[in-house]
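Spelled out, the chains give:
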There are 2 protein chains.
Amino acid sequence: MDQIHSASLVGDAIGAISRHIRERYLMPGDKLPSEALLSKELNVSRTVVREAFRSLAAMRIIELATGKRATVAQIDHGAMSLMIEHGVHTDQINIHQIYDVRRTIETRIVTLAAIRRTDEEAAEILHLAGQMKASLGDPAQLMEYDLAFHTALAQASRNPVYSLLIGSFQGITRQTWPMGWKTRPTQAARDLMVQTHVDMARAVAASDPLKAVELMSLHFDESVRALLTAGMS
Amino acid sequence: MDQIHSASLVGDAIGAISRHIRERYLMPGDKLPSEALLSKELNVSRTVVREAFRSLAAMRIIELATGKRATVAQIDHGAMSLMIEHGVHTDQINIHQIYDVRRTIETRIVTLAAIRRTDEEAAEILHLAGQMKASLGDPAQLMEYDLAFHTALAQASRNPVYSLLIGSFQGITRQTWPMGWKTRPTQAARDLMVQTHVDMARAVAASDPLKAVELMSLHFDESVRALLTAGMS
DNA sequence: CTCCCCCAACCTGTCAGACAGGTTTTGCTT
DNA sequence: AAGCAAAACCTGTCTGACAGGTTGGGGGAG
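Residues numbered from 1 in each chain as written. Chains lettered and ligands numbered in written order. Predicted model: local features only at pLDDT ≥ 70, side-chain atom pairs only at ≥ 80, totals over all residues. Heavy atoms only, no water.

K.L.:
Before we go on, may I ask you to explain the packing of helix 1 (residues 9–23) of chain B against helix 3 (residues 46–58) of chain B in this structure?
P.N.:
Helix-helix packing: each pair is described by the crossing angle between the helix axes and the interaxial distance. All names here are of chain B. Look at helix 1 against helix 3: their axes get within 8 Å of each other, and the N-to-C directions meet at 60 degrees. The angle between helix 1 and helix 3 places the two elements in the oblique class. Our pair here, helix 1 against helix 3, has a crossing hand that is right-handed. Contacts between helix 1 and helix 3 involve Leu9, Val10, Ala13, Ile14, Ile17 and Ser18 from the first element and Val48, Glu51, Ala52, Phe53, Ser55 and Leu56 from the second. (Axes fitted to C-alpha atoms, helices over the stretch in contact; angles between N-to-C directions. Helix = DSSP H or I, 4+ residues; strand = E, 2+ residues; numbered from the N terminus. Parallel < 35°, antiparallel > 145°, perpendicular 65-115°, else oblique. Left-handed = near helix turned anticlockwise from the far one by under 90°. Contact = heavy atoms within 4.5 Å.)

Put into structure tokens, the structure is as follows:
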């Protein structure tokens, strides 16, 4: 019954299921075998198959739903977001390090967005910047439009890896954004922050990557300064 | 016994355990309660707690080991690496998109590395570049030194998020690297590729970020061209 | 002949209990 | 006081059971 213990039955099952997906070229939405069938094929109990499924679902490699069969999943930032948050909460990553990465990739994103955006995307980006301006009195709402703005830019870059990364930082950004906002006490500072976004949207709409990058850099310079003022070492 | 079904018992348990880590400020290495205790506290079966543990372990938020209690884990690129590979295998991400991201972050990494590297790190980076040169006849070995070289640069950037990202791309790079190598058929092309790394290592050791960035850009220009030649659309 | 509804078969979510190892703690012996 | 061995504890896996969600197909109504 029991063969050589390579590592753990669950680990082996994860490998077998991954291989199954790869070898059959399964695409997102395609169905996987049922737990019962896999447990028979792999000669392990349903418990083991279930734990393997859970592991893959945690990484968003597959998707589970009650009653239905497991399916191959679309890439999604949920898992990475949790991992990043965990890193920050356990002092393995700090906010400045995240800002450095965001600055690096977002300057690239905005360049690509200015070059590749469709007209619909340009309109959406302009719209979101406009909504930011309209939400100056409601920080929580403003933050959501801000996040949506950067997500839309990533989308317009036409590179799903950038979307994935921006999404991954969204969770932790949501927890630190208010800190930066509070340190922009004057109306002028707040107007500037929002205006920078509006101008950036216009630069992207005008297909002017250089201008867009300049504004993105300005935005991050300003944000990092705000965080420092807030006492984040 | 059964209260309102928020979503799923396992989902709730994952939340409860995450909260436990956060609220008690647990750090990597700290122990979590046993499965039996958690199942009693959360009023669920051990099955549910185990599946929650597996999910968190898949995201490398906690670490499991037989006999021992679960512990809080250090951030690690294993899970992200699998997610990226899954994205590529299911045609949701292509190699060029990954190269664009790598180029973007590695030019930043090499700048930071040139500024922040310790003398030990500089020596290690020079050593790895030297090993690449010595492995010109053994592609598999050369690839490993190449990967180690870029990992060492990320390390020297002193930003764990860059290390995490570089590590995440390593799995898929390992699967595509040989393709690029084969399209450098002449000895001159291969020498150039390795020499670029040696020069880059020297620039980092000399604390010359501008030169280092220039070489990194050159390297990626060349790599992307190689991939295109290999017929990667 | 077509359409719709409902049921049977299938599938996942959760529980309880059991047992084989690996790990830690305790307490006794020397 | 140091060291060792047994007891207590813990995780990995299996089995069997049942509630509830999902789906395809067959039969009846129109």
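K.L.:
Sorry if this is basic, but what is going on with the interface of chain B and chain A here?
P.N.:
A common way to express how large an interface is: the accessible area buried when the components associate. Counting residues at the interface gives 47 residues for chain B and 47 residues for chain A. Where chain B abuts chain A, roughly 4300 Å² becomes buried across the two surfaces, and 67% of that area is made up of carbon and sulfur atoms. Linking chain B with chain A are eight salt bridges, by the criterion used here. With its nearest N and O atoms 2.9 Å apart, the salt bridge here joins A:Glu51 to B:Arg50. Summed over the shared surface of chain B and chain A, the number is 18 residue pairs in polar contact (both at pLDDT 80 or more). Put simply, the parts of the chain that give the side of chain B that touches chain A at least two residues each are helix 1, helix 3, helix 4 (78–89), helix 5 (95–116) and helix 8 (160–182) of chain B. Top contributing element to the side of chain B that touches chain A by residue count: helix 4 of chain B, with nine residues. Split by residue class, the side of chain B that touches chain A holds 26 nonpolar, ten polar and eleven charged. (Buried area = accessible area lost by both parts, 1.4 Å probe. Salt bridge = Lys/Arg side-chain N within 4 Å of Asp/Glu carboxyl O. Polar contact = N/O pair within 3.5 Å; in protein donor to acceptor, adjacent residues only side chain to side chain. Nonpolar A, V, L, I, M, F, W, Y, C, P; charged D, E, K, R; others polar.)

K.L.:
Would you explain the domain arrangement of chain A in this entry?
P.N.:
Domain annotation of chain A identifies domain 1 (9–72) and domain 2 (78–229). Once you take the C-alpha centre of each, domain 1 of chain A and domain 2 of chain A turn out to be 37 Å apart. (Domains from an automatic or database assignment.)

K.L.:
For this particular structure, what's the right way to read the protein's contact with DNA strand C?
P.N.:
With respect to spatial proximity, 20 residues lie near DNA strand C, and among them A:Arg50, A:Thr66, A:Lys68, B:Leu9 and B:Ser45 are the closest. Across the atoms of DNA strand C situated within 4 Å of the protein, the share located in sugar and phosphate is 78%. Contact distances for DNA strand C include 2.7 Å between a phosphate oxygen and a backbone N or O atom of B:Leu9. Among the secondary structure elements, those contributing two or more residues to the surface near DNA strand C are helix 3 (46–58) of chain A together with helix 1 and helix 3 of chain B. When its residues are assigned to classes, the surface near DNA strand C shows five nonpolar, eight polar and seven charged. (Near = heavy atom within 4 Å.)

K.L.:
I keep staring at the relation of the copies chain B and chain A and nothing clicks. Help me out?
P.N.:
The two chain copies are connected by a rotation around an axis plus a translation along it. Least-squares fitting of chain B to chain A yields an RMSD of 0.0 Å, with the superposition described by an axial translation of 0.0 Å and a rotation of 180 degrees. In symmetry terms, the pair is related by a two-fold rotation axis. Judged by C-alpha distance, B:Ser55 is the residue of chain B that lies nearest the rotation axis, at 2.5 Å. Here 100% of the interface residues in chain B have copies in chain A that are interface residues too; the copies meet face to matching face. (Least-squares fit on C-alpha atoms with pLDDT ≥ 70 in both.)

K.L.:
Could you clarify how one ought to interpret the protein's contact with DNA strand D in this entry?
P.N.:
Of all residues adjacent to DNA strand D, which total 20 residues, the nearest are A:Leu9, A:Ser45, B:Arg46, B:Arg50 and B:Thr66. What you see for DNA strand D is that sugar and phosphate hold 72% of its atoms within 4 Å of the protein. Here A:Leu9 contributes a backbone N or O atom positioned 2.7 Å from a phosphate oxygen of DNA strand D. For the surface near DNA strand D, the elements supplying multiple residues, two or more each, are helix 1 (9–23) and helix 3 of chain A together with helix 3 of chain B.

K.L.:
What am I meant to see in the packing of aromatic side chains here?
P.N.:
What describes a pair of aromatic rings is the distance from one ring centre to the other and the angle between the planes of the rings. Going through the model one piece at a time under the given rule, you end up with four aromatic pairs over all chains. Between A:Tyr99 and A:Phe220, the ring centres sit 6.0 Å apart and the planes meet at 70 degrees, which makes this aromatic pair edge-to-face. Of the two residues, A:Tyr99 sits in helix 5 (residues 95–116) while A:Phe220 sits in helix 10 (residues 209–229), which places them 121 residues apart along the sequence. For A:Phe220, a relative accessible area of 1% translates into the label buried. Ring centres of B:Trp177 and B:Trp181 lie 5.3 Å apart, and the angle between their planes is 15 degrees; this geometry places the pair in the stacked category. (Phe/Tyr/Trp six-rings, centres within 6.5 Å; stacked < 30°, edge-to-face > 60°. Buried < 20%, exposed > 50% of the residue type's maximum accessible area, 1.4 Å probe, protein only.)

K.L.:
Sorry, what's going on with the side chain of B:Glu106 here?
P.N.:
Residues and elements named next belong to chain B. Along the chain, the position of Glu106 falls in helix 5. Using a relative accessible area of 0% as the deciding quantity, one classes Glu106 as buried. Polar contacts involving the side chain of Glu106 include one to the side chain of His150, which spans 2.6 Å. The residues contacting Glu106, other than those within four sequence positions of it, are His150, Ile166, Met216 and Phe220.

K.L.:
Honestly, the pattern of salt bridges in this entry has me stumped. Any pointers?
P.N.:
In a structure, side chains of opposite charge can pair up when their charged atoms sit close to one another. If you walk through the whole model with that rule in mind, you get 28 salt bridges over all chains. Ionic pairing is found between A:Arg102 and A:Glu106, a salt bridge with its closest N-O pair at 3.0 Å. In this pair, A:Arg102 and A:Glu106 both sit in helix 5, four residues apart, roughly one turn of the helix. A residue is classified by how much of its surface remains accessible, and A:Arg102, at 7% relative accessible area, is buried. Note that A:Glu121 is salt-bridged to A:Arg158, the shortest N-O span being 2.6 Å. Of this pair, A:Glu121 sits in helix 6 (residues 119–134) while A:Arg158 sits in the loop between helix 7 (139–156) and helix 8 (160–182), and the two are 37 residues apart along the sequence. Put simply, A:Glu35, A:Arg46, A:Arg50, A:Arg54 and B:Glu51 are held in one network by salt bridges that share partners.

K.L.:
Looking at this structure, I do not really get the nonpolar core. What am I missing?
P.N.:
Generally speaking, a soluble globular protein has its nonpolar side chains buried in company with each other. Among the nonpolar cores identified, the biggest contains 139 residues, and A:Ile62, A:Phe149, A:Leu153, B:Ile62, B:Phe149 and B:Leu153 are the most heavily contacted of them. When residues no more than four places from it in sequence are discounted, the contact partners of A:Leu153 are A:Ile109, A:Val110, A:Ala113, A:Ile125, A:Met200, A:Val204 and A:Met216. (Core = buried A, V, L, I, M, F, W, Y, C linked by side-chain atoms within 4.5 Å.)

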